[in-house]
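Chain by chain, the residues run as shown.
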Amino acid sequence: MSQVMFATRLPESQRKYIQYKAMDTGKQQQELMSEIIDFYQQHDVVFMKKFDALIQPTDSTGQETGNDA
C-alpha cells in the first residue's frame, strides 16, 4: 500500500489529544492517526459501501476489471 502526505488544520485540543495519546501509547502520531481512520471506516458502513464502489475499477460495460493473468 502506498503512503501519501496528508496535511490538515486541527483545533488545538484535537492536536494535543493526538500528541498526548501517541505519547501515552508509545506510538508515533502517524500510526495513531492511521488507527483512528481505520476505526472510523469500520464503523461507517453506509459510506464505505459507496467508497468501495468508487475505488473498484470498471471497464466500459460496468464490469470490474483486474489482472487475473
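Right above here is the structure, for reference.
Below you will find a few notes about this structure. (Residues numbered from 1 in each chain as written. Predicted model: local features only at pLDDT ≥ 70, side-chain atom pairs only at ≥ 80, totals over all residues. Heavy atoms only, no water.)

## Observations concerning the overall build of the protein chain
Inference 1: When helices and strands are counted, the protein chain shows three helices and zero strands.
Inference 2: The order of α-helices and β-strands along the protein chain, N terminus first, is α-α-α.
Inference 3: In the structure as shown, the protein chain presents an accessible area of about 6700 Å², 54% of it carried by carbon and sulfur atoms. (Helix = DSSP H or I, 4+ residues; strand = E, 2+ residues; numbered from the N terminus. Areas by Shrake-Rupley, 256 points an atom, 1.4 Å probe, with all protein chains shown as cover.)

## Here we look at the pattern of salt bridges
Inference 1: Tallied over the full model, the rule gives two salt bridges.
Inference 2: Put simply, Glu 12 and Arg 15 hold a salt bridge, and the shortest N to O gap is 2.5 Å. Linking Glu 12 with Arg 15, this pair stays in helix H1 (residues 12-25), spanning three residues, or about one helical turn.
Inference 3: Linking Glu 35 and Lys 27 is a salt bridge whose minimum nitrogen-to-oxygen distance equals 2.8 Å.
Inference 4: In this structure Lys 27 comes out as partly exposed when scored by relative accessible area, which is 28%. (Salt bridge = Lys/Arg side-chain N within 4 Å of Asp/Glu carboxyl O. Buried < 20%, exposed > 50% of the residue type's maximum accessible area, 1.4 Å probe, protein only.)

## Structural notes on a nonpolar patch on the surface
Inference 1: On the surface, Tyr 17, Met 33 and Ile 36 cluster together into a nonpolar patch covering about 270 Å² of accessible area.
Inference 2: Residue position: Met 33 is located in helix H2 (residues 29-43).
Inference 3: Since its relative accessible area comes to 30%, Met 33 is described here as partly exposed. (Patch = residues over 30% accessible without salt bridge, like charges linked within 9 Å, V, L, I, M, F, W, Y side chains within 5 Å.)

## Some details on the packing of H1 against H2
Helix-helix packing is characterised by the crossing angle of the two axes and by the distance between the axes.
Inference 1: Look at H1 against H2: their axes get within 9 Å of each other, and the N-to-C directions meet at 105 degrees. When the interaxial angle is binned, H1 and H2 end up roughly perpendicular. Along its contact with H1, which presents Ile 18, Gln 19, Lys 21 and Ala 22, the element H2 presents Gln 29, Leu 32 and Met 33.
Inference 2: In terms of residue class, the contact of H1 with H2 is built from four nonpolar, two polar and one charged. (Axes fitted to C-alpha atoms, helices over the stretch in contact; angles between N-to-C directions. Parallel < 35°, antiparallel > 145°, perpendicular 65-115°, else oblique. Contact = heavy atoms within 4.5 Å. Nonpolar A, V, L, I, M, F, W, Y, C, P; charged D, E, K, R; others polar.)

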